[in-house]
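Architecture and fold: a report
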Amino acid sequence: LPSTIEPLRFTASLFVGKYAAWLSTHPKQLEPLLPYLADGLSISKCARASALAIRELCEVISLGEAVLQLYDQVCGKLELQDEMEILEGVCKVVKPHEVGFYLERLVRPLGARFEVLMQKPETSMNSKHIIAEVDRLTVVVRFLPLDGGSVVDLMQSMWALLEKAGERFPSEPSVAEKICRLHKHALRRAGYSSYGPVIPSLISLIVKSFKSTRQSPYVYLASIVITEYPQYPQPLMEMLVALCETAFAFLQGLADMVRHPDVVEELFYCMGRMLKHCAEPLLKASDLTTALARCAVVGMELQHREANRACLHFLERLISQNQANQQFMGYIQDLGPSIVQACMRVCMGDFPSYYLDGTNGTISGVLFALRNGYQNLFLIWSTDALAAAPAKPRQEFLAQLQSEVDRQRFDFGVRSFASACNRYRKLGGAANSQHQK
C-alpha cells in the first residue's frame, strides 16, 4: 500500500474501510493493515481516512483490546472529529459482557479530565476542551451497548460537572448545545422505564439553565422531553410556564425577537410539540396560550426562515386544536383578525414570505385551518385584511376563500394571490397609502 504519497495513502485507507466485510473473513490480510491505519493517524492529510477506516472495521470485526489501546494513545492528539470516529469504533466492538470493563476504561479518565478542567480558574479555561469531553461522553452514551440503568448511573455521575460547565460558559451557545445533545441521547437511549425518575431533575436543569443563560438549546431539550415523555403533563406544563416567563422577560417586541431568533424558533417549535403530544394543559392555560399566539403573530415579521416558520407552525397547530376542542374556540375568535391580517400582509409582500404553502407551518396552512374552523368569521376577517390589496387579485382571492376547495387548490390560490400582489408591487400598482406604508 502507498505510504509516502499522501493523496494515495488517503484513498488506500478509505479502501481498507470499505473492504471491512471481506477482511472479516480473511484475518491474515487484516494483520498488516491495522498498523498501516494507525500510522496514518499521525499524518495530518491522512488521519481522517484512517479514522474512518478504523471505525468501519470495528463495525464488522471485533478488534477488542487493540483498538482500545490505539484510542488511549491518540486521545486528545487528533482532530476531535477523527478521534470521535475511533471512539465510536471502540464502543461498537464491545460485547454485552465486556461493557463494565470498557465503561471503566473510557469514562474514568474522561471524568478525571473533566473534573480537572472544572477546577481551573475561569481566566485559563477554554470552552473547546469542555466541548471535547462532552462530545466523548456523548459517543459513549450513543454507541456503547449500555442498558437503561447504566445510562442513568453514568449521567448521574457526570450531572454536577455538566451543570457546572453550562454555568461556567453561559454566553457560549456551543457549550449549551453539546450538553443538551448529550442529555437528548441519554434519555432516548435509556428509555422511559429507566430514565423516567430522572425527568424531574432534567426539567429543573432546563428551567434553571435557560433562566441563567437564555440559550436556545435548553428550549430545544425541553421539546425533546415533551416528545419522549408526554406521560408527565403537570411537570411538563410547569416547565413550559417557567420557560415562557423567562422568554417573555427579554422578548418584549419585534426588535428583541430579531436579536434572539434562535430562541423564538425553539420556543414555538417546543409549544407546537406540546400541542401535538400533550395539548390539554396548555390549552387550559388561556392567558399563556393567548400571549404565545400574539407573540407568534409578531414573529411572522421576522426575516429569519426557521423562526418565521416556527411561529406559523405553532399557530397552525393551535388553530387545529381549537377545531377539535370546541371549548377553546374563543381563543381564535379573539385572535383571528390579527392572525389573518398578518397572513395577508405576508401574501401582499409587507412581511417576509418564506413559507407560503405546504405543510408544517405555512401561511396557507394557517389560513386553511381558520377557514375550516371559523368560515363565516374568516371571510369577514379576510375582507378587512385585504382592503389594501390590489382590486383584481383581491376580488379573485376572496371568491376562492368563499368556495369549498380542497387543500391543494387552496394552496394554489394563496400562491397565485401572492404572485399577483408581487407583480403589482413591481409595477408600482400598490392600492393605497396603507399598503405602501
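A brief report on the enclosed structure follows. (Residues numbered from 1 in each chain as written. Predicted model: local features only at pLDDT ≥ 70, side-chain atom pairs only at ≥ 80, totals over all residues. Heavy atoms only, no water.)

1. Describing the layout of surface pockets
As a volume, the largest pocket reaches approximately 260 Å³. Contributing elements (two or more residues each) for the lining of the largest pocket: α7 (80-92), α8 (99-119) and α9 (127-143). (1 Å grid on protein atoms, 1.4 Å probe; cavity = no way out; pocket = protein on both sides within 12 Å on 5 of 7 lines; lining within 4 Å. Points joined across faces, edges and corners; volume = space filled by probe spheres on them. Helix = DSSP H or I, 4+ residues; strand = E, 2+ residues; numbered from the N terminus.)

2. Here we look at the pattern of salt bridges
For the structure on display, the rule yields 23 salt bridges. Two residues, Lys18 and Glu56, come together in a salt bridge whose shortest N-O distance is 2.8 Å. Note that Lys18 is positioned in helix α1 (residues 6-18) and Glu56 in helix α5 (residues 47-58), a separation of 38 residues in sequence. Among the ionic pairs, Arg136 bridges to Glu133, the shortest N-O distance being 3.0 Å. Remark: Glu133 and Arg136 occur in helix α9; sequence separation between them is three residues, near one turn of the helix. For Arg136, a relative accessible area of 6% puts it in the buried group. Residues participating in the shared-partner salt-bridge network are Arg55, Glu59, Glu85, Glu88 and Lys92. (Salt bridge = Lys/Arg side-chain N within 4 Å of Asp/Glu carboxyl O. Buried < 20%, exposed > 50% of the residue type's maximum accessible area, 1.4 Å probe, protein only.)

3. What to know about a nonpolar patch on the surface
On the surface, a cluster of nonpolar side chains totalling about 360 Å² of accessible area is made up of Phe15, Tyr19 and Trp22. Secondary-structure assignment places Phe15 in helix α1. (Patch = residues over 30% accessible without salt bridge, like charges linked within 9 Å, V, L, I, M, F, W, Y side chains within 5 Å. Areas by Shrake-Rupley, 256 points an atom, 1.4 Å probe, with all protein chains shown as cover.)

4. Concerning the nonpolar core
Residues Ile86, Tyr195, Leu202, Phe314 and Leu370 are the most contacted members of the largest nonpolar core, which totals 156 residues. Here the element with the most residues in this core is helix α21 (residues 329-347); it accounts for 10 residues. Not counting the four nearest positions on each side in its chain, Leu370 is found in contact with Ile319, Ile332, Ile339, Val340, Gln375, Phe378 and Trp381. (Core = buried A, V, L, I, M, F, W, Y, C linked by side-chain atoms within 4.5 Å. Contact = heavy atoms within 4.5 Å.)

5. As for unusual backbone geometry
The residue Arg214 is not glycine, and still its phi comes out positive at about 60 degrees. Tracing the chain through its elements places Arg214 in the loop between α13 (199-213) and α14 (216-228). Relative accessible area serves as the criterion here: at 41%, Arg214 is assigned to the partly exposed category.

6. A short note on empty space enclosed by the protein
In this structure the tally under the stated criterion is two cavities of 30 Å³ or more. By volume, the largest cavity amounts to about 50 Å³. Forming the boundary of the largest cavity are Leu162, Glu163, Gly166, Glu167, Ile179, Leu205, Ser209, Ser212, Thr213 and Tyr218. Here the lining of the largest cavity is built from residues that sort into four nonpolar, four polar and two charged. The volume enclosed by the second largest cavity comes to roughly 30 Å³. Here the residues of the lining of the second largest cavity are counted per class, giving seven nonpolar, two polar and no charged. (Nonpolar A, V, L, I, M, F, W, Y, C, P; charged D, E, K, R; others polar.)

7. Some remarks on helix α24 (residues 391-402)
An α-helical segment advances 3.6 residues per turn. Residues three or four places apart therefore align on the same side. Compared with the 16 Å implied by 1.5 Å per residue over 12 residues, the 17 Å span of α24 between its first and last C-alpha is a close match. Of the positions making up α24, those classed as buried are Pro393, Phe397, Leu398, Gln400 and Leu401. For α24, the buried positions fall inside an angular range of 160 degrees around the axis, keeping them on one side. When the buried face of α24 is taken as reference, the exposed residues oriented beyond 90 degrees from it are Lys392, Gln395, Glu396 and Gln402. (Expected span 1.5 Å × (residues − 1). Arc of directions from axis to C-beta.)

8. Some remarks on the packing of α1 against helix α4 (residues 33-40)
At a minimum axis separation of 11 Å, α1 and α4 run at an interaxial angle of 135 degrees. Here α1 is positioned oblique relative to α4, judged by the angle of their axes. Where α1 crosses over α4, the two elements pack in a sense that is left-handed. On the side of α1, the interface is formed by Arg9, Ala12, Ser13 and Val16, while α4 contributes Leu33, Tyr36, Leu37, Asp39 and Gly40. (Axes fitted to C-alpha atoms, helices over the stretch in contact; angles between N-to-C directions. Parallel < 35°, antiparallel > 145°, perpendicular 65-115°, else oblique. Left-handed = near helix turned anticlockwise from the far one by under 90°.)

9. Examining helix α23 (residues 375-385)
Considered for burial, the residues of α23 that qualify are Phe378, Leu379, Trp381, Ser382 and Ala385. Along the axis of α23, the buried residues cluster in a sector spanning 165 degrees; they form a single face. Of the exposed residues in α23, those oriented more than 90 degrees away from the buried face are Asn376 and Asp384.

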